[in-house]
Amino acid sequence: MLIKQPHDIASSEITPESIYLRRREFMTGAGIALAGMAAPSWALAEKLDARAATPAMADKGFYTSEDKTPFKDVARYNNFYEFGTDKGDPARYADALTVDPWSVMVEGEVGKPGTYALEDLLKGIDLEERIYRLRCVEAWSMVIPWIGIPLHKLLAKVEPTSKAKYVEFTALYRPEEMRGQRSRFSTIDWPYVEGLRMDEAMNPLTLMATGLYGQELPKQNGAPFRLVVPWKYGFKSIKSIVKVRLTEKQPATTWQQLAPQEYGFYANVNPNVDHPRWSQKYERRLPNSLFDPNRIKTRMFNGYEAQVAHLYKGMNLRRYY
Ligand SMILES: Nc1nc2c(c(=O)[nH]1)N[C@H]1C(S)=C(S)[C@@H](COP(=O)(O)O)O[C@H]1N2
Ligand SMILES: [Mo]
C-alpha cells in the first residue's frame, strides 16, 4: 500500500478536517511540499502536487468552492452493500476489510494485461486533488476533496487496443471480510460490477481515488482504490476495485441487471428524468437535519454540463438513462 495507518491510533483521535484545513492553508500560502513531516495522516497529502486551486481548475470542474461535506459525514453515511444496506453499516463493519496488499487485474483489450500490485499500477502517476460533488441516486449529495489519479493516465499505461470500447470494473468478492456478501437477504449477485464507455473513462474528470481529505481512503469509502465519476449517480463510482477489463461490448452492470427499469447503464445525473419511484429534481446536501433539510436543486450532469454534455450529443437521455 501507499502508506500505512498505525492501528494503534483510534479513529477518534484523528481529525482529518482540521488537518486538511491547515494543510490547505499551507499549500495555498507556501506552495511547497511538507518535507520531514512524518505523521501518517499527512503522508498522502505530501505526495500531492502543491498547487493551490486556480480558476482554470474550476473551469475544468476539478474544483468547487461549495462548502465541503465534513469528514465525519463523508465517512459515516455510506452506500457499500458489501457491508450491509444501512447507511451506517459500512462505517460499522468495513474495518474487517484487509486492503494491504492489494492487487488489480488488468484484462481484455489492452497491450499490457496482468495482475498489478496497486502501488505498481499507480507508480509514476502524480496524485491530484479534486473537489467534486457526488450525487447519489437516492437524492442525497456531498462535496468531497478526493485524492487520486485521472483514469486516462492509468489507461495510457496499460495501452488499450483499438477494439477497446468500454471499461468494466469489478469490486472485491471476499465474503469472509464483507458481511453483506454473507447475508442471506442480499439481492445483489456479487461481485459488484460497473462500467463506462471509453470516452467517459477518458474524460479528464474521471478519477481513480486512493484518498480523501488528505489521507488514505477510509475503508467505508472504497479503500484502497475506487472510481469517482462526478456527473453520474453515485452507484457508478464503484469501490474497492480488483479488476479493470477493457471490452468491445457494453458491460452488464450490477444495478442494471438487478432493476433495469430503475438503473440504466449511463446513470447520468438528470433532474428531468425521474427515477420510477421518486423525483430527481432535488437533493439533500449533507450534512442536513430534520430542521435544516438543506434541499437544493439538482443540476443537469450534476453541474458538470460544460465538461461532459458533448459526450451525449444527439442521444435520447430518456431512453439512455
Ligand atoms: N463496491 C461497491 N461500490 C459502491 C457501492 C456499493 O454498494 N458497492 N455503492 C455505490 C453508491 S450507491 C454510492 S452513492 C457511492 C457512495 O460513495 P461514498 O460512500 O464514498 O459516498 O458508492 C458507490 N460504490
Ligand atoms: Mo448511490
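A few points on the structure. Worth saying up front: this structure is predicted, and the values here are computed from it rather than measured. (Residues numbered from 1 in each chain as written. Chains lettered and ligands numbered in written order. Predicted model: local features only at pLDDT ≥ 70, side-chain atom pairs only at ≥ 80, totals over all residues. Heavy atoms only, no water.)

## Description of the overall build of the protein chain
Piece 1. Of the regular secondary structure elements, the protein chain holds 11 helices and 12 strands.
Piece 2. For the protein chain, the residues scored as buried account for 53% of the 321 residues in total.
Piece 3. In the protein chain, once contacts between residues fewer than 6 apart in sequence are set aside, the share between residues at least 24 apart is 71%.
Piece 4. Counting only carbon and sulfur atoms, one obtains 53% of the accessible surface of the protein chain, whose full area is about 15,000 Å². (Helix = DSSP H or I, 4+ residues; strand = E, 2+ residues; numbered from the N terminus. Buried < 20%, exposed > 50% of the residue type's maximum accessible area, 1.4 Å probe, protein only. Contact = heavy atoms within 4.5 Å. Areas by Shrake-Rupley, 256 points an atom, 1.4 Å probe, with all protein chains shown as cover.)

## Observations concerning the sheet that holds strand 10 (residues 241-247)
Piece 1. Strand order in the open sheet made by the five strands is 2-1-10-5-6, with mixed pairing throughout. Each edge of the sheet is formed by a strand with only one pairing partner; in this case those strands are strand 2 (114-117) and strand 6 (193-197). Each strand of the sheet is rotated relative to its neighbour by a mean of 20 degrees, with strand direction disregarded.
Piece 2. Judged from the five bridges that link them, strand 5 (residues 166-171) and strand 6 form a sheet pairing that is antiparallel. Pairing of Phe-169 across the sheet is with Glu-194, part of strand 6.
Piece 3. Those strands touched by helix 7 (residues 151-158) are strand 1 (103-108), strand 2, strand 5, strand 6 and strand 10, and its axis lies near 100 degrees from that of strand 5. (Pairing = 2+ DSSP bridges. Axes fitted to C-alpha atoms, helices over the stretch in contact; angles between N-to-C directions.)

## What to know about the packing of aromatic side chains
Piece 1. This model, assessed by the stated rule, comprises 12 aromatic pairs.
Piece 2. A ring pair is formed by Phe-301 and Tyr-312, whose centres lie 5.4 Å apart and whose planes are at 20 degrees; its orientation type is stacked. Of the two residues, Phe-301 sits in the loop between strand 12 (295-297) and helix 11 (305-308) while Tyr-312 sits in the segment after helix 11, which places them 11 residues apart along the sequence. Pair check on accessibility: Phe-301 and Tyr-312 agree, each one buried.
Piece 3. Through pairs of rings, three or more aromatic residues link up here, namely Tyr-166, Phe-265, Tyr-266, Phe-301, Tyr-312 and Tyr-320.
Piece 4. A cation sits over an aromatic face here: Arg-130 above Phe-62, 3.5 Å from the ring centre.
Piece 5. The ring of Phe-265 is capped by Lys-236, whose NZ or CZ atom sits 4.2 Å from the centre of that ring. (Phe/Tyr/Trp six-rings, centres within 6.5 Å; stacked < 30°, edge-to-face > 60°. Lys NZ or Arg CZ within 6 Å of the ring centre and 35° of its normal.)

## Structural notes on the environment of Glu-82
Piece 1. Looking at the element boundaries, Glu-82 is found in the loop between helix 4 (71-74) and helix 5 (89-93).
Piece 2. On the accessibility criterion, Glu-82 (2% relative accessible area) is buried.
Piece 3. Sequence-wise, Glu-82 and Gln-181 are 99 residues apart; in three dimensions their C-alpha atoms are separated by 5.4 Å.
Piece 4. Among residues more than four places away in sequence, those in contact with Glu-82 are Ala-171, Leu-172, Met-178, Arg-179, Gly-180, Gln-181, Trp-190 and Tyr-192.

## Here we look at the environment of Asp-189
Piece 1. You can see Asp-189 is positioned in the loop between helix 8 (179-182) and strand 6.
Piece 2. In this structure, the C-alpha to C-alpha distance between Asp-189 and Thr-254, residues 65 residues apart in sequence, is 7.2 Å.

## As for the site of ligand 1
Piece 1. Close contacts around ligand 1 come from 16 residues, with Asn-78, Tyr-81, Glu-82, Arg-226 and Lys-239 the closest.
Piece 2. Asn-221 places a side-chain nitrogen or oxygen 2.9 Å from an oxygen atom of ligand 1.
Piece 3. Here Lys-239 contributes a side-chain N or O atom positioned 2.6 Å from an oxygen atom of ligand 1.
Piece 4. Burial of ligand 1 by the protein chains amounts to 98% of its free accessible area of 530 Å².
Piece 5. Here the residues of the shell around ligand 1 are counted per class, giving eight nonpolar, five polar and three charged. (Near = heavy atom within 4 Å. Polar contact = N/O pair within 3.5 Å; in protein donor to acceptor, adjacent residues only side chain to side chain. Nonpolar A, V, L, I, M, F, W, Y, C, P; charged D, E, K, R; others polar.)

## Observations regarding the pairing of strand 7 (residues 207-212)
Piece 1. Taking burial as the measure, the six residues of strand 7 include six buried ones, the bulk of the element.
Piece 2. In this sheet, strand 7 lies alongside strand 4 (residues 140-150) in antiparallel orientation, the contact comprising five bridges. Residue pairing in the sheet places Ile-147 in a bridge with Gly-211 of strand 7.
Piece 3. Here strand 7 pairs with strand 9 (residues 226-228) via three bridges, running antiparallel. Paired with Ala-209 across the two strands is Arg-226, which belongs to strand 9.
Piece 4. In the sheet, strand 7 pairs with strand 8 (residues 215-216) via two bridges, with the strands oriented antiparallel.

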